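Report on the structure
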Amino acid sequence: MSGNESGKIRYGMVIDLDKCTGCMTCAVACQQENNVPFREDETKKVRSITWLEVFYLDNGKPYPEHRKAYLPRPCLQCDADPHPPCTFVCPVNATQRDEETGLVAHIPVRCIGCRYCISACSYHARYFNWWDPKWPKAMEEMLTPDVSTRMRGVVEKCTFCVHRLQLAKDKAFVEGRQELEEGEYVPACVEACPAKAMYFGNLADSHSEVAKLAKSPEAFRLLEKLGTEPKVIYLSSQEWIHKLADNVV
Amino acid sequence: MKLDRRAFVKLIAGGVGGTLLSPLPWKMADDTAIWSQNWFWRPSPERGSATLVNTACQLCPGGCGIRVRLIAKKNAVRIDGNPNHPVNQGGICPLGASGLQYLYGPSRIETPLKQTGQRGDVTTLKPISWDEALDILATKLRAMRQKARGLVCVSGKRQGTVPELFARFLHAYGSPNYVLMPAAADAESLGMFFSQGQSGLPGYDLENAKMIISFGSSYIEGWGAPARMQLAFGNWRSNTKGNRARIVQVETRGSLSSSKADDWLAVTPGTEAALALGLAQVIVSEGYYDRSFVNQYSYGFDEFKRLLQRNYTPEKVAAITGVTREKISALAREFSQTKPAVALSGWGQGRMQGSVYDFLAVQSLNGLVGSLNKPGGVTKKPSVPLAPWPEVVLDAISLEGEKEPRLDVGNEVQSSFPTSLFYNLVKNMNQGKPYSTQMLWVYEANPAHDLADVEPFIEALSNIETVVSFSSFMDETTQLADLVLPGPTYLERLEDVLTPPGLQYPVFGLSTPVLMPRFATIHPGDMLIRLAKSLGGGVASSFPWSDYESALKQRVEGLAQKASGRVADEPGVEPWKGGQGSKLAPNYESFDDLWDKLVEYGCWFDTSGNMPAWDSAFKTPSGKFEFYSQKMRQIGIRGNDITYLPHFEEVEPAGDPGDYPLLLMPYETLIITNGPVANPPFMTKMLFDFQLKGNDCFVDINTKTAANLGLKEGDRVTVQTERGSLEVRVHVSGNARPDVIFIPTGLGHSGFDPYIKGKGVNANAILVAQQDKTTGLASWWGTRVKIYKV
Ligand code: SF4
Ligand code: SF4
Ligand code: SF4
């Protein structure tokens, strides 16, 4: 990354909840990008796989003081030292943090489905495949080859679209470059957001937009006091949202 | 989903416990997993090199540029926003991002179908060949040519060459009954006609506005061009770019548009326009209005002023709207002193016609603060300079047809309106007056589900011999068709996509087939050309083209001839920064060059710098903006003085308050599409479980009201209006006003696929649409209701 003194990479995301309209495009783009399966009934939310979930928040006040907001929640890619809660408990090393990038990877083919990681995740960002994914035959044609489909009995979650990092690196390599420019690797949700409420980049690079935004007085992280050190940072000017973030998701 | 922290902590404790066990079983399990995971039975996506193809989205009128990612040039695997496109700048909406689920969806119609049994029975809709299908249609059309007026075409698409070809076909055939599905645009074009003397639609320069008051518009939930509105909102909330704007939402419901505004005025249902007039009153009486506009370019200010002073003082408006006097005065001052500021109209997503006076009230407010035809204000949506087609060739029958009364006209004066009046059509089709309908065509519309107060429409169908659907999907209207002529989906066809609603600069998007049509469908444009040719005579001569592509190209010649505008070949363009009068130098040399570039980049646009010159802006008798509409008098609208002025007309919701003590208001959200296609699986998945649970959908009810009625979260209830009743569950919420029940629209499909069929109820079935007597426009924002436990 240019302008990064330390040379360190910590990919992170900033979501500006003041700009976010709650349109949920991010969540749809993610499903499309990552071959996330769907079933006829997706209303049992503990069974529904949504790598990017959108949480509903409200200030609890009666009409007409009532205010609500939607909070998009990808995997928060915790940076806790030395482990994020999930990788720590995985008995088969199916999920690990890549210390070069800070990305918390999950490898479904290694996963034995014990679901410890699901219990360990403080943010409900991990999902279990209770069934084999199944698409109407014709819809199999819209599956992307960049992300393999999963099977029943394994866990899956947001990867920060790590395959896009791979594609960006390949491109840089072909062009004879060692480093990626800011904006070359952007996850699908961030790219799709029509309000441009999501930012992505290297938090360890003090010149990056995300690093600057993360220092804003309006920045906060979910359940900060758990010490999970999420690399997804939210911005909001609303005090009630800050309060909820510490307690309820 | 709500979970408190204690739940998290418990979950974490469980996780830690597991790791304390001996590692051995886990090692073994790991090996077993690797050994057993030859996942041969689940699909392996096909590999191949990836390409990106630019095209235009057509899932709503929003006019976004999209990019489709193709693998091995044949499998479409992703749709995202085209970064070069000025409207959406790389962003997209959830519907646009779900587009492939339509292309590959299970409710696609693969061949023409013919009803061989009882109408409405989908099992007897049998596949036939295209030759047979077009032959059936041509034979019927030939047989009824003497009664050509009995052909009615309903289009859900309001602009572009394909709707124009449908309109042209009807004209040449001899029927005056090309009718658009109802929308706020009907009231807008009528309002423009009354106040500015010309039909047209408003274009809002929102990107340059510093303050926005929205009178009931769901500005981030589907109003106008949805993705453009998201982008504009993001910019209004931007601290860095100096674009920050203040947003005031006037709406009864605690929607996202309300919550995300700087200020939310929770008005009494249906009184948004009264508030606009209240603001106008303060602005006029305190002298904050734009004097140069009022003196030079307006007509009837004194009459308007008198009416404001008489009926819309802050006291009176406070009583009507429930907004305090102080608030009204403060907001009026702020709105007139913040420059530029603009007021939006059009209820919800703009699917309801609404009252022309509501539009006039808001438009007059824009006039008073000097925001008409100014940067940061509102202007007439510019037209795209396309070349005209040759005149329709009229024969004896079509000459007669021109004189026939339109079926969507309800009274003498309405025949001069530049507007479709759909609810009149429904009424007249039902009664067979002034003449009966033999054949109904439905294009890009699903009225049997999407029309508010839908029952009379469905009844009307029983009087019609032949119903023809041009849909690509098995929607509810298509289920009721006798003949189905499926077109290709938007990703498989060529078509123009014109400037979306509410935009202030002209855009010409080109939708091109990104892959081979998946089925043997025929482009509706080609179908009409073929049909016209087989009918012969004037109809055939009116369709001189060999195919749709040449018809489209003929119009695009106009862009090539105009020495202004660009193809979107680079990202980050901001056409609204053009400034008055400026134009873009073309980046194409000839028609062929332009066409190739349109195919490559998907869009042409020009700047907004083309505000109409003041002397030609108004085509009214006075040549000015008319607060007092002389046009209305001219065309024979009779009434008292108030009739010709913007005013507030109280609408009494249908139903006896004694029997139906509460009000039912529909609401629209971006995550449930309102047609003509049904919600895709990607979006339905994102509904909260207090919106949809299993097959039940929820109505929002105020916390206190629920307590009074003894209702708890999730209770199963019946909501009943005088039209009928629906079974739903209740969601207790601070969104809801105490006397109002809110019900989502867009659910309750009986057609389409198992991913949406049977989920929730169709609110349209129990709403009552109320028509204005003079204008024929319909409103359905509220219907009286009672609610009781099942
Ligand atoms: S796409 Fe953007 S605006 Fe829409 S919900 Fe996601 S973050 Fe919010
Ligand atoms: S980063 Fe990628 S995987 Fe994660 S939520 Fe966004 S789109 Fe989904
Ligand atoms: S806003 Fe409309 S045109 Fe734009 S992507 Fe969404 S559906 Fe398509």
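Residues numbered from 1 in each chain as written. Chains lettered and ligands numbered in written order. Predicted model: local features only at pLDDT ≥ 70, side-chain atom pairs only at ≥ 80, totals over all residues. Heavy atoms only, no water.

Details of the domain arrangement of chain B
Residue and element names in this part refer to chain B. On domain assignment, one finds that chain B holds domain 1 (5-36), domain 2 (113-185 + 386-506 + 517-550), domain 3 (202-380 + 615-644) and domain 4 (662-789). Using only C-alpha atoms to locate each centre, domain 2 and domain 4 end up separated by 30 Å. Counting from both sides, the interface comprises 22 residues of domain 2 and, opposite them, 26 residues of domain 4. Both faces considered, domain 2 and domain 4 share a buried interface measuring about 1800 Å² in area, 51% of it formed by carbon and sulfur atoms. (Domains from an automatic or database assignment. Contact = heavy atoms within 4.5 Å. Buried area = accessible area lost by both parts, 1.4 Å probe.)

Thoughts on the environment of Pro544(B)
All names here are of chain B. With respect to the helices, strands and loops of the structure, Pro544 is situated in the loop between helix H22 (537-541) and helix H23 (548-561). Measuring from C-alpha to C-alpha, the distance between Pro544 and Val356 comes to 39 Å, with 188 residues separating the pair along the chain. When residues no more than four places from it in sequence are discounted, the contact partners of Pro544 are Pro390 and Lys533. (Helix = DSSP H or I, 4+ residues; strand = E, 2+ residues; numbered from the N terminus.)

A short note on a negative patch on the surface
All names here are of chain B. A surface patch of like charges, here negative, comprises Glu557, Asp592, Asp596 and Glu600. Examining the composition of the negative patch, we find that 3 residues originate from one element, helix H24 (residues 591-601), more than from any other. In this structure, Glu600 sits in helix H24. (Patch = residues over 30% accessible without salt bridge, like charges linked within 9 Å, V, L, I, M, F, W, Y side chains within 5 Å. Areas by Shrake-Rupley, 256 points an atom, 1.4 Å probe, with all protein chains shown as cover. Salt bridge = Lys/Arg side-chain N within 4 Å of Asp/Glu carboxyl O. Lys, Arg positive; Asp, Glu negative; His and termini not counted. Charge placed at Lys NZ, Arg CZ, Asp CG, Glu CD.)

Structural notes on the site of ligand 2
As a structural note, the neighbourhood of ligand 2 is formed by Cys30(A), Asn34(A), Trp51(A), Leu52(A), Pro74(A), Cys158(A), Thr159(A), Phe160(A), Cys161(A), Pro187(A), Ala188(A) and Cys189(A). In terms of residue class, the shell around ligand 2 is built from 10 nonpolar, 2 polar and no charged. (Near = heavy atom within 4 Å. Nonpolar A, V, L, I, M, F, W, Y, C, P; charged D, E, K, R; others polar.)

Concerning H24(B)
Because an α-helix packs 3.6 residues into every turn, residues spaced three or four apart end up facing the same way. Residue and element names in this part refer to chain B. Residues Phe591, Asp593, Leu594, Trp595, Leu598 and Tyr601 constitute the buried set of H24. Among the structural elements, strand S1 (50-56), strand S19 (507-511), H23, strand S20 (566-567) and strand S21 (603-605) are those in contact with the buried residues of H24. Two residues or fewer past H24, Gly602 is found with a positive phi of approximately 85°. (Buried < 20%, exposed > 50% of the residue type's maximum accessible area, 1.4 Å probe, protein only.)

Observations regarding the pattern of salt bridges
If you walk through the whole model with that rule in mind, you get 54 salt bridges over all chains. Across the salt bridge formed by Glu42(A) and Lys685(B), the nearest N and O atoms sit 3.7 Å from each other. On the criterion of chain membership, the pair formed by Glu42(A) in the loop between helix H1 (25-33) and strand S2 (53-58) and Lys685(B) in the loop between helix H27 (681-684) and strand S24 (692-693) is interchain, its members lying in two chains. In this structure, Glu42(A) and Lys685(B) share a single accessibility class: buried.

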